[in-house]
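Spelled out, the chains give:
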Amino acid sequence: MSGPGNGEANLGVAPGRLARAAARAEGLRPWIRALLAFLSYLLVSLALWGRGVITHLSTRYVGVGKEDAKLYVWTLAWWPYAIRHGLNPLHSPLVWAPAGVNMAWISGMPGPALVLAPVTMAANAVASLNVLLLLAPPLAAWTTYLLARRLTRDVSASLVAGF
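Note that the structure is a prediction, hence the values are computed from the model and not measured.

Caption draft 1: Structural context of the overall build of the protein chain. Helix and strand counts for the protein chain stand at 7 helices and 2 strands. Traced from its N-terminal end to its C-terminal end, the protein chain shows the element sequence α-α-α-β-β-α-α-α-α. When the 163 residues of the protein chain are sorted by exposure, 27% land in the buried category. Looking at the protein chain as shown, the accessible area adds up to about 10600 Å², and 67% of this sits on carbon and sulfur atoms.

In structure tokens form, the structure reads like this:
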């Protein structure tokens, strides 16, 4: 007889089902396992942080406290704007005029700003920030999964490590 009283955890799922699911996952190609891991992390991220934002990507922010978000929205918009208009992206005359601001001294995000430039141009920088904030946790979890998978060769342990 198995159950919580015998040292086994009752997960609400028959132990045989978990073993069969783990065996099926082991039988998949590595890139399919990695994709399924990323999608599971993405679904959790969207469930936790995207509920009030996912249908209003360009008008609402993920999280609370809007002051940091305003700076990030501005920098996400600045980098593509500066490059598109042939301006020096490391110096903005639009902030603290007339001297401007040295972009090396603020928390700018040139890499994410350029990667998300199509989202910024199609919607706006608020949407880009939301995409960035919703993708960051699953991408971090996924890279943890990939590292743990490489080190342990165990799919289930790697999936848990990502979470």
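Caption draft 2: Region of interest: the packing of helix 3 (residues 67-84) against helix 6 (residues 125-152). Two numbers describe how helix 3 lies on helix 6: the axes approach to 8 Å, and their chain directions differ by 110°. It follows from the interaxial angle that helix 3 and helix 6 lie roughly perpendicular. Across the interface between the two elements, A69, Y72, V73, L76 and A77 of helix 3 pack against A125, V126, S128 and L129 of helix 6.

Caption draft 3: Representation of helix 3 within the structure. In this model helix 3 runs 27 Å from its N-terminal to its C-terminal C-alpha over 18 residues, within 8% of the 26 Å that 1.5 Å per residue would give. Trailing helix 3 by a residue or two, G86 shows a phi angle of about 70°, which is positive.

Caption draft 4: Spotlight on the packing of aromatic side chains. A full pass over the atoms with the stated rule returns 4 aromatic pairs. Ring centres of F38 and W142 lie 5.8 Å apart, and the angle between their planes is 70°; this geometry places the pair in the edge-to-face category. Note that F38 is positioned in helix 2 (residues 30-49) and W142 in helix 6, a separation of 104 residues in sequence. For F38, a relative accessible area of 17% puts it in the buried group. Residue class for W142 comes out partly exposed when judged on its relative accessible area of 26%. With 6.0 Å between their ring centres and 40° between their planes, W78 and Y81 make a pair best called tilted. Here the residue W78 and the residue Y81 both occupy positions in helix 3, the gap between them amounting to 3 residues, near one helical turn.

Caption draft 5: Representation of helix 2. The end-to-end C-alpha separation of helix 2 is 28 Å, in line with the 28 Å expected for 20 residues at 1.5 Å each. Taken together, the buried positions of helix 2 are occupied by R33, A34, A37, F38, Y41, L42 and S45.

Caption draft 6: Expanded view of the side chain of N130. With respect to the secondary-structure elements, N130 resides in helix 6. What N130 contacts, discounting residues up to four positions off in sequence, is V53, H56, L57, R60, Y61 and V62.

Caption draft 7: Layout of the nonpolar core. Counting residues in hydrophobic clusters, the biggest one holds 13 residues, and the most contacted among them are V73, L76, W78, W79, M103 and L129. Counting only elements with at least two residues in this core, the list comes to helix 3 and helix 6. The element best represented in this core is helix 3, accounting for 6 residues. Here W79 is in contact with P89, L90, M103, M109, P110, A113 and L114, once residues within four sequence places are set aside. Counting 6 residues, the second largest nonpolar core, distinct from the first, contains A34, Y41, A141 and Y145.

Caption draft 8: Broad picture of the packing of helix 6 against helix 7 (residues 155-162). The geometry of helix 6 relative to helix 7 is characterised by a closest axis approach of 7 Å and an angle of 150° between their N-to-C directions. One finds that helix 6 runs roughly antiparallel with respect to helix 7. The two elements helix 6 and helix 7 meet at a crossing, and its hand is right-handed. In this structure, helix 6 contributes A141, T144, Y145, A148, R149 and T152 to the contact, and helix 7 contributes V155, S158, L159, A161 and G162. Across the contact of helix 6 with helix 7, the residue classes break down as 6 nonpolar, 4 polar and 1 charged.

Cut-off values and rules
- Residues take numbers from 1 onward in each chain, read along the sequence in its written order.
- Only residues with pLDDT of 70 or above have their local features reported here, since the model is predicted, and side-chain atom pairs are shown and tallied only from 80 upward, although totals for entire chains, interfaces and linings are computed over all residues.
- Excluded from the side-chain calculations are hydrogens and water; all other atoms, namely the structure's heavy atoms, are used.
- Secondary structure follows DSSP: runs of H or I at least 4 residues long count as helices, runs of E at least 2 residues long count as strands, and numbering of each begins at the N terminus.
- Between buried and exposed lies partly exposed: a residue is buried under 20% and exposed over 50% of the maximum accessible area for its type, with that area taken using a 1.4 Å probe on protein chains only.
- For accessible areas, the Shrake-Rupley method is used with a probe of radius 1.4 Å. Any residue's cover is judged against the shown protein chains and nothing else.
- Fitted lines through C-alpha atoms give the axes, limited to the stretch in contact for helices. The angle between two N-to-C directions lies from 0 to 180 degrees.
- Any angle that is under 35 degrees is reported as roughly parallel, and any over 145 degrees as roughly antiparallel; angles of 65 to 115 degrees are reported as roughly perpendicular and all others as oblique.
- A contact between two residues is defined here by any heavy atoms of the two lying within 4.5 Å.
- Here the expected span of a helix is defined as 1.5 Å times the quantity of residues minus one.
- Under the pairing criterion, centres of Phe, Tyr and Trp rings, with the six-membered ring standing for Trp, must be within 6.5 Å; the plane angle then separates stacked pairs below 30 degrees from edge-to-face pairs above 60, leaving the rest tilted.
- In these notes, a set of buried Ala, Val, Leu, Ile, Met, Phe, Trp, Tyr and Cys residues joined through side-chain atoms within 4.5 Å is what counts as a nonpolar core.
- Handedness of a helix crossing follows the sense of rotation of the near helix relative to the far helix, less than a right angle counterclockwise being left-handed and clockwise being right-handed.
- Lys, Arg, Asp and Glu make up the charged group, whereas Ala, Val, Leu, Ile, Met, Phe, Trp, Tyr, Cys and Pro make up the nonpolar group; the residues left over, Gly among them, are polar.

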